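Remarks on the overall topology
What follows is the residue order along each chain.
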Amino acid sequence: NLMNSKILNNFYSFLKNNASLLLVLLTILILIEYFILGKFSVLHMHDFAGDIFPRYISLWKNFSLHGFSYWDPNIGGGHDRLSNLVYYDNIPSILISILPSWLAFQIYILSTTALGVYGFHKYMTIQFNAEKTLVIIPAVFIPIIIAYLNSTGLVAGLQILPFTLYILYMIEKSLINN
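A short tour of the structure in this document, coming up.

Conventions adopted
Every chain is numbered independently, its residues counted from 1 as its sequence is written. Where local features are concerned, this predicted model is filtered to residues with pLDDT of at least 70; where side-chain atom pairs are given and counted, the filter is 80 or more; whole-chain, interface and lining totals use all residues. To get the side-chain values, take all heavy atoms of the structure and skip hydrogens and water. Only buried residues count toward a nonpolar core, which is a set of Ala, Val, Leu, Ile, Met, Phe, Trp, Tyr and Cys residues joined through side-chain atoms within 4.5 Å. When a residue's accessible area, from a 1.4 Å probe over protein chains only, is under 20% of the maximum for its type it is buried; when over 50% it is exposed; and in between it is partly exposed. Note on definitions: the grid is 1 Å and covers protein atoms alone; a cavity is a set of points where a 1.4 Å probe fits but cannot get out; a pocket is an open set with protein on both sides within 12 Å along at least five of seven lines; lining residues have an atom within 4 Å of a point. Grid points are joined across faces, edges and corners, and a volume is the space filled by probe spheres set on the points. A helix here means a DSSP run of H or I that spans at least four residues, while a strand means a run of E at least two residues long, and both kinds are numbered starting from the N terminus. Under the convention adopted here, Pro, Cys and the residues Ala, Val, Leu, Ile, Met, Phe, Trp and Tyr are nonpolar, Asp, Glu, Lys and Arg are charged, and Gly plus all remaining residues are polar. Axis definition: a line fitted to C-alpha atoms, over the contacting stretch in the case of helices. Angles run 0 to 180 degrees between N-to-C directions. If an angle is under 35 degrees, it is roughly parallel; if it is over 145, roughly antiparallel; if it lies from 65 to 115, roughly perpendicular; otherwise it is oblique. Crossing handedness is read from the near helix: turned anticlockwise from the far helix by less than a right angle, it gives a left-handed crossing, and turned clockwise, a right-handed one. We call two residues in contact when some of their heavy atoms are within 4.5 Å. Any N or O atom pair separated by 3.5 Å or less is treated as a polar contact, with the protein-specific requirement of one donor-capable and one acceptor-capable atom, and with residues adjacent in sequence counted only for side-chain atom pairs. Working definition: a ring pair exists when centres of Phe, Tyr or Trp rings (six-membered ring for Trp) sit within 6.5 Å. Plane angles under 30 degrees give stacked, over 60 give edge-to-face, the rest tilted. Between the first and last residue of a helix there are one fewer steps than residues, each counted as 1.5 Å, and that sum is the expected span. Along the arc lie the directions from the helix axis toward the C-beta atoms. Residues with no salt bridge and a relative accessible area higher than 30% make up the patches, which join like charges within 9 Å and nonpolar side chains (Val, Leu, Ile, Met, Phe, Trp, Tyr) within 5 Å. Note on areas: these come from Shrake-Rupley sampling with a 1.4 Å probe, and a residue is covered only by the protein chains present in the view. Here, a salt bridge means any Lys or Arg side-chain nitrogen found within 4 Å of an Asp or Glu carboxyl oxygen. Residues scored as charged are limited to Lys and Arg (positive) and Asp and Glu (negative), so that His and the chain ends carry no count.

Here we come to the nonpolar core. F53, Y56, L59, W60, I96, A104 and I109 are the most contacted members of the largest nonpolar core, which totals 13 residues. A19, L26, F120 and V135 belong to the second largest nonpolar core, which has 11 residues in total.

If you want it as structure tokens, here you go:
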């Protein structure tokens, strides 16, 4: 029994000292599983690569030919691109403008999810004074669950919501202190 408690104490000490590393590793593990298995992933996300993403590719193709335009001739026989909420100034659009589309999609999913996980972890440890080791698992899964349940999955970017809450909390805190 003494040996078991010593092992548990060593394990807990390891978790406490390496909470940030474990947070990063667990996030990477979840995302690698998602990227490798795709639609067969345990955390299946709705994929917008066949719907919204081609609209952004079309947007920048038309931009290279005609400059800024409100009309997109490639979808449906032509339509006003604003009716489909396809803009030049959001994260996927900017990434597609400078990177190959397959890489832009992966970077978008990875960066928004990582920011959401980081934001939730920071918000919980600062706002509620939660212990870092206790927040690791929810910090990884809650942003992904938010995105999965409330939208089309990671593609809508809702997983970044906890990061936004963390930033707003830090702004509020700085305004109160000043």
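Under the definition given, this model contains 2 cavities of 30 Å³ or more. The calculated volume of the largest cavity comes to roughly 50 Å³. In terms of lining, the largest cavity is formed by R55, L59, N62, G67, S69, W71, D72, R81, V86 and Y88. Examining the composition of the lining of the largest cavity, we find that 3 residues originate from one element, helix 3 (residues 52-66), more than from any other. Tallied by class, the residues present in the lining of the largest cavity amount to 4 nonpolar, 3 polar and 3 charged.

In the contact formed by helix 5 (residues 101-127) and helix 7 (residues 161-177), the axes pass within 6 Å of each other and the chain directions differ by 45°. With respect to each other, helix 5 and helix 7 are oriented oblique. Relative to helix 7, helix 5 is oriented so that their crossing is left-handed. Each of L115, G116, Y118, G119, F120, K122, Y123, I126 and Q127 in helix 5 lies in contact with helix 7, whose residues at this interface are P162, F163, L165, Y166, Y169, M170 and K173. Of the residues that constitute the contact of helix 5 with helix 7, the class distribution is 11 nonpolar, 3 polar and 2 charged.

Turning next to the environment of Y88. If you trace the backbone, Y88 turns up in the loop between strand 2 (79-80) and helix 4 (91-98). The sequence separation of Y88 and Y56 amounts to 32 residues, and the corresponding C-alpha distance is 8.2 Å. Setting aside residues no more than four positions away along its own chain, Y88 makes contact with L59, W60, F63, G67, F68, S69, R81, S93 and I94. A distance of 3.3 Å separates a polar atom in the side chain of Y88 from the backbone nitrogen of S69.

If you walk through the whole model with that rule in mind, you get 10 aromatic pairs. The interplanar angle of 45° and the centroid separation of 6.3 Å between the aromatic rings of Y118 and F163 together place this pair among those described as tilted. Residue Y118 is located in helix 5, and its partner F163 is located in helix 7; the two are separated by 45 residues in the primary sequence. Ring centres of Y123 and Y169 lie 5.9 Å apart, and the angle between their planes is 85°; on these two criteria the pair is classed as edge-to-face. Of this pair, Y123 sits in helix 5 while Y169 sits in helix 7, and the two are 46 residues apart along the sequence. These aromatic residues form a ring-pair network of at least three members: W60, F63, F68 and Y88.

This paragraph deals with helix 2 (residues 19-37). For helix 2, built from 19 residues, the straight-helix expectation of 27 Å at 1.5 Å per residue is met to within 8% by its first-to-last C-alpha distance of 27 Å. Listing the buried residues of helix 2 in full gives A19, L23, L26, T27, I30, L31, E33 and Y34. For helix 2, the buried positions fall inside an angular range of 150° around the axis, keeping them on one side. In helix 2, the exposed positions angled more than 90 degrees off the buried face are occupied by L29 and I36. Phi turns positive, to about 55°, at G38, one or two residues after helix 2.

The next thing to look at is a nonpolar patch on the surface. A cluster of nonpolar side chains, V24, I28, I32, I36, L37 and F40, forms an exposed patch at the surface whose accessible area comes to about 610 Å². With respect to the helices and strands, the residue F40 is situated in the loop between helix 2 and helix 3. Judged by relative accessible area, which is 66%, F40 ranks as exposed.

This next bit is on the side chain of D72. By secondary structure assignment, the location of D72 is in strand 1 (residues 71-72). Lacking a salt bridge, the buried D72 has R55 as its closest oppositely charged neighbour, with an N-O distance of 7.2 Å. A distance of 2.9 Å separates the side chain of D72 from the side chain of S58, its partner in a polar contact. Filtering out sequence-adjacent residues up to four positions away, D72 remains in contact with R55, S58, N62, G78, H79 and R81.

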